[in-house]
Amino acid sequence: MEINPISIFVLLCGIMTFGLAAYAWQHRTTNSAGQFAVFMLALSIYVVGYSLELASSDLNTMLFWNKIQYVGILTFPSLFLIFSIQYTGYEKWITRRNVALLFVIPFVFLIIKFWDESLHLIYASAVVDASGSIPLLFFSRGPLYLATCAYTLSTITIGYYLLMQKRRFGSVLYRRQTTIMLAA
């Protein structure tokens, strides 16, 4: 590990995100706070994993931390959507079946990611790019890379749409809260 200013900054962001998760978890009896806490925990796994990837200098270590990141990368969109559904008052949509369906695609992609060094479905190839101020993981996209992006973007877009509708039609208090969430 080679600690550098960029990895430290990203790590601090991850710690802050984890702190938000812990704070929200302490207030989980408040509407949507529990879902927000779990969503922020997934986001902090992604950010902390990325900071440790940035602090790494060899390919195997970078790929290890990249796999850890993917736990957060692949779960936070579904968790964000669940939070958005809960926050906007559509709790009836949150059934065991629907939650399980939301996590089928991320689970399959995560299994693929853990064996991707031999499958080459998400990253066709990966190397260390040492030409800049810090070594970075450089990869070429595999055939499923865009599918992971499409799932992530579509899930987050649906969550944002729900939040925008809540902002548009909600009370003044909800409009303020939702505006802050959308801006963040």
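The structure this text deals with has already been given above.
The notes below deal with the structure included here.

Reading the values: the criteria
Residues numbered from 1 in each chain as written. Predicted model: local features only at pLDDT ≥ 70, side-chain atom pairs only at ≥ 80, totals over all residues. Heavy atoms only, no water. Core = buried A, V, L, I, M, F, W, Y, C linked by side-chain atoms within 4.5 Å. Buried < 20%, exposed > 50% of the residue type's maximum accessible area, 1.4 Å probe, protein only. Helix = DSSP H or I, 4+ residues; strand = E, 2+ residues; numbered from the N terminus. Contact = heavy atoms within 4.5 Å. Axes fitted to C-alpha atoms, helices over the stretch in contact; angles between N-to-C directions. Parallel < 35°, antiparallel > 145°, perpendicular 65-115°, else oblique. Left-handed = near helix turned anticlockwise from the far one by under 90°. Nonpolar A, V, L, I, M, F, W, Y, C, P; charged D, E, K, R; others polar. Patch = residues over 30% accessible without salt bridge, like charges linked within 9 Å, V, L, I, M, F, W, Y side chains within 5 Å. Areas by Shrake-Rupley, 256 points an atom, 1.4 Å probe, with all protein chains shown as cover. Salt bridge = Lys/Arg side-chain N within 4 Å of Asp/Glu carboxyl O. Phe/Tyr/Trp six-rings, centres within 6.5 Å; stacked < 30°, edge-to-face > 60°. 1 Å grid on protein atoms, 1.4 Å probe; cavity = no way out; pocket = protein on both sides within 12 Å on 5 of 7 lines; lining within 4 Å. Points joined across faces, edges and corners; volume = space filled by probe spheres on them.

### Some remarks on the nonpolar core
Logical step 1: If you look at the biggest cluster of nonpolar residues, it comprises 13 residues, and the most contacted ones within it are Tyr 70, Leu 74, Ile 122, Tyr 123, Leu 137 and Tyr 145.
Logical step 2: Listed by contribution, the elements that provide at least two residues to this core are helix H3 (59-87), helix H4 (96-114) and strand E1 (123-129).
Logical step 3: For this core, the element with the highest residue contribution is H3, accounting for five residues.
Logical step 4: Discounting residues that sit within four places of it in the chain, Leu 137 has contacts with Glu 53, Leu 59, Met 62, Leu 63, Asn 66, Tyr 123, Ala 126 and Val 127.
Logical step 5: Counting residues in each nonpolar core, the second largest holds 12 residues, with Ala 42, Phe 83, Ile 156 and Leu 163 among its members.

### What to know about the packing of H4 against helix H6 (residues 145-169)
Logical step 1: Put simply, H4 and H6 touch, their axes get as near as 11 Å, and they point 150° apart. It follows from the interaxial angle that H4 and H6 lie roughly antiparallel. As for the relative orientation of H4 and H6, their crossing is left-handed in sense. Residues Leu 102, Ile 105, Pro 106 and Phe 109 of H4 form the contact with H6, whose participating residues are Ala 147, Thr 148 and Tyr 151.
Logical step 2: A breakdown of the residues in the contact of H4 with H6 according to their chemical character gives six nonpolar, one polar and no charged.

### Quick notes on a nonpolar patch on the surface
Logical step 1: Together, Leu 101, Val 104, Ile 105, Phe 107, Val 108, Ile 111, Phe 114, Trp 115 and Leu 119 make up an exposed nonpolar region whose accessible area comes to about 820 Å².
Logical step 2: It is H4 that contributes the most residues to the nonpolar patch, seven residues altogether.
Logical step 3: For Trp 115, the position within the fold is in the loop between H4 and helix H5 (116-119).

### Re the packing of aromatic side chains
Aromatic ring pairs are reported here in terms of the distance separating the ring centres and the angle at which the planes meet.
Logical step 1: Inspection of every chain in the model, using the stated rule, returns 14 aromatic pairs.
Logical step 2: Between Tyr 123 and Tyr 145, the aromatic rings sit 6.3 Å apart at their centres with planes inclined by 45°, giving tilted as the arrangement. Of this pair, Tyr 123 sits in strand E1 while Tyr 145 sits in helix H6, and the two are 22 residues apart along the sequence. The burial state of Tyr 123 is the same as that of Tyr 145; both residues are buried.
Logical step 3: Relative to Tyr 145, the ring of Phe 139 lies with its centre 5.4 Å away and its plane at 50°, an arrangement referred to as tilted.

### Quick notes on the pattern of salt bridges
Logical step 1: Considering all chains together, one arrives at one salt bridge under this definition.
Logical step 2: In this structure, the salt-bridge partner of Glu 117 is Lys 67, at a minimum N-O distance of 3.2 Å. Taken together, the residues span a long stretch of sequence, with Glu 117 in helix H5 and Lys 67 in helix H3 at a distance of 50 residues.

### Concerning the layout of surface pockets
Logical step 1: Empty space within the largest pocket amounts to approximately 800 Å³.
Logical step 2: Lining the largest pocket are 23 residues, with Phe 36, Phe 39, Met 40, Phe 83 and Met 181 positioned closest to its centre.
Logical step 3: When contributions to the lining of the largest pocket are tallied by element, the ones reaching two or more residues are helix H2 (33-54), H3, H6 and helix H7 (172-183).
Logical step 4: Grouping the constituent residues of the lining of the largest pocket by class yields 18 nonpolar, five polar and no charged.
Logical step 5: For the second largest pocket, the calculated volume is near 330 Å³.
Logical step 6: Lining the second largest pocket are 17 residues, with Tyr 46, Tyr 70, Ile 73, Tyr 123 and Tyr 145 positioned closest to its centre.
Logical step 7: For the lining of the second largest pocket, the leading source of residues is H3, giving six residues.
Logical step 8: Of the residues assigned to the lining of the second largest pocket, the class counts are 12 nonpolar, four polar and one charged.

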